[in-house]
Amino acid sequence: MNLKLSTLAAALLATVGSAHAVEVKYMLWDANQLPAYKQCAADFEKKNAGITIKVTQSGWNDYWTTVSTGFVSGTAPDVFTDHLAKYPEFAKNAQLVDLAPLIQRDKVDISAYTTGLYDNWSRDGKQYGLPKDWDTIGMVVNMEMAKKAGVSLAELQAMTWNPKDGGSFEQIVRKLSLDGSGNNATNAKFDKKKVSTYGYGFWNTGSGDMMGQTEWSHFAVSNGFKFQDKPWDPKFYYDDAKLAETIDYLAGLPTKGMSASFENSKSLGADAMFVAKKVAMVPQGSWMITHFKTNAKFDHVWVPLPTGPTGTRATMFNGLADSIWAGSKVKEESWKWVKYLGSAECQSTVASYGVVFPAVKGMAEKAIEVQKGKGVDSSAFLTMAKSKTYLPPIADGGSEISEVMKAALETVLMGRSDATSALKTANTKVNQLAKK
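Note that the coordinates shown come from a computational prediction; the quantities given were computed from them, not determined experimentally.

Can you walk me through the packing of helix 18 (residues 398–413) against helix 19 (residues 419–434) in this structure?
Between two packed helices, what matters for the description is the angle formed by their axes and the separation of those axes. It is at 9 Å that the axes of helix 18 and helix 19 come closest, and there the two elements cross at 175°. When the axis of helix 18 is compared with that of helix 19, the two are roughly antiparallel. When helix 18 is examined against helix 19, the residues Glu400, Ile401, Val404, Met405, Ala408, Leu409, Thr411 and Val412 are found in contact with a partner set consisting of Ala419, Ala422, Leu423, Ala426, Lys429, Val430, Leu433 and Ala434. In terms of residue class, the contact of helix 18 with helix 19 is made up of 13 nonpolar, one polar and two charged.

Laid out in structure tokens, this is it:
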């Protein structure tokens, strides 16, 4: 009888305890990272009795719709993965918790993060996120095609680029571009109207908007272009001649038969074309390592971006963070979770999955070793991180600025305008928006 009573009491206590458990809703967009963060959640729950973490994932476009509409309807996740291009608008609309007082109260060691990542999320003494990972851009190459074209790995790793003749980069792309008769673009018989394999593909879902993260910014910055003087500066330089000649060069590749038209690329996606062996080389971010490892069923490698006219390689250095929704009813528990997400313990777990490069110093090297064990040499991204890096453009009115730049760039890519005219007009509009 006593045993039954004690068992019943224990069951009742468990029921009461679960009824009072606090649930923190956490959302991210990358399906490849989901297993790692579910493991972090399980580890966190063991250390924090009474708090459960509900992890959900949604694709990029649906993700931001869910977050934004959730702010209005009161159903947004308590904690979510945030992006540098998105948070200025969220912060301006008071949708994010300022973490600075909590960081100071709990003495969080911000020096543990890779230089620059923490500051990216700061403005006017306020802190809108704790760093979670970083990424750079490289190029993924179909080595089966490269070898058949007589292009070596060493040549790919040492590419140079310029907007006049394309440098060794264009010569390699010419060798990789094949028509239906097997002629490559170095051959006078090459039929650019009947291309079977494009040497280069770089448009996925659009023009790259205000950032051009994977599409054009690395070429432009290595050519001497800069977005703005510093983050939050309301003056942009999209009318720079260095950017115009870069965009004109890239827009001209389809006319040479070395890249698919913007319309076709936008529809099919350069990544999908690469996997289908319709494109031999694509620029992409380090977050895509697992995607290509899983889907590209052929020998492929990652190489650094080409060196530009300035004598250096350049890459956008982007860093994601975890932010807390200002409307959360469990802010203290959410902060405990964010603090754990930004800790060496959780980020070491994330590194062990080899999907992304965590923000805590030394974890990227661990992730690279894990990836190497899976047969992927991702060191090109670390090479890029040690090259010329630049931040994504950060400004008020980012969404409107992106729309302006998207429209302007697409007129050039579809042959309706030259880059100089389109970008000059767009830059005037952008600077008006940034000063609002």
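Having put the structure on the table, let's press on.
How should the sheet that holds strand 7 (residues 137–142) be read in this particular structure?
Whether parallel or antiparallel, the strands of a sheet pair through hydrogen bonds between backbone atoms. Ordered in space as 10-7-11, the three strands form an open sheet in which the pairing is antiparallel. The outermost strands of the open sheet, each flanked by one partner alone, are strand 10 (281–285) and strand 11 (300–303). This sheet shows a mean twist of 30° between the axes of neighbouring strands, independent of strand direction. When strand 7 meets strand 10, the two strands line up antiparallel, connected through five bridges. The residue of strand 10 that forms the bridge with Gly138 is Gln284.

Looking at this structure, how should I read helix 2 (residues 34–47)?
For the α-helix, the turn length of 3.6 residues means that residues three or four positions removed from each other point alike. The end-to-end C-alpha separation of helix 2 is 20 Å, in line with the 20 Å expected for 14 residues at 1.5 Å each. All of the buried residues in helix 2 are Leu34, Ala36, Tyr37, Cys40, Ala41, Asp43 and Phe44. Of the surrounding secondary structure, the elements contacted by the buried residues of helix 2 are strand 1 (22–28), strand 2 (51–57), strand 6 (130–135), helix 14 (331–341) and helix 15 (344–353).

What's the story with the pairing of strand 1 in this structure? I'm lost.
Side chains on a regular strand alternate between the two faces of the sheet. Sheet topology places strand 1 next to strand 2; seven bridges connect them, and they run parallel. Bridging across to strand 2, Leu28 finds its partner in Gln57. Read from strand 1 through helix 2 to strand 2, the crossover connection turns out right-handed. Here strand 1 runs beside strand 3 (residues 79–82); their pairing, made up of two bridges, is parallel. Paired with Met27 across the two strands is Phe80, which belongs to strand 3.

What am I meant to see in the packing of aromatic side chains here?
A ring pair, where both rings are aromatic, is described by two values, the distance of the centres and the angle of the planes. Inspection of the entire model under this criterion finds 39 aromatic pairs. Ring centres 5.9 Å apart and planes at 70° place the aromatic pair Trp161 and Tyr249 in the edge-to-face group. Residue Trp161 is found in the loop between helix 7 (153–157) and helix 8 (167–176), and its partner Tyr249 is found in helix 10 (residues 241–252); the two are separated by 88 residues along the sequence. Judged on exposure class, the residue Trp161 and its partner Tyr249 are both buried. Aromatic rings pair up to connect Trp29, Trp60, Tyr63, Trp64, Phe71, Phe80, Phe90 and Trp325 into one cluster. Here Arg123 stacks its cationic end above the ring of Trp232, 3.8 Å away from the centre of that ring.

About the cut-offs
Residues numbered from 1 in each chain as written. Predicted model: local features only at pLDDT ≥ 70, side-chain atom pairs only at ≥ 80, totals over all residues. Heavy atoms only, no water. Axes fitted to C-alpha atoms, helices over the stretch in contact; angles between N-to-C directions. Helix = DSSP H or I, 4+ residues; strand = E, 2+ residues; numbered from the N terminus. Parallel < 35°, antiparallel > 145°, perpendicular 65-115°, else oblique. Contact = heavy atoms within 4.5 Å. Nonpolar A, V, L, I, M, F, W, Y, C, P; charged D, E, K, R; others polar. Pairing = 2+ DSSP bridges. Expected span 1.5 Å × (residues − 1). Buried < 20%, exposed > 50% of the residue type's maximum accessible area, 1.4 Å probe, protein only. Right-handed = clockwise from strand over helix to strand, strands pointing away. Phe/Tyr/Trp six-rings, centres within 6.5 Å; stacked < 30°, edge-to-face > 60°. Lys NZ or Arg CZ within 6 Å of the ring centre and 35° of its normal.

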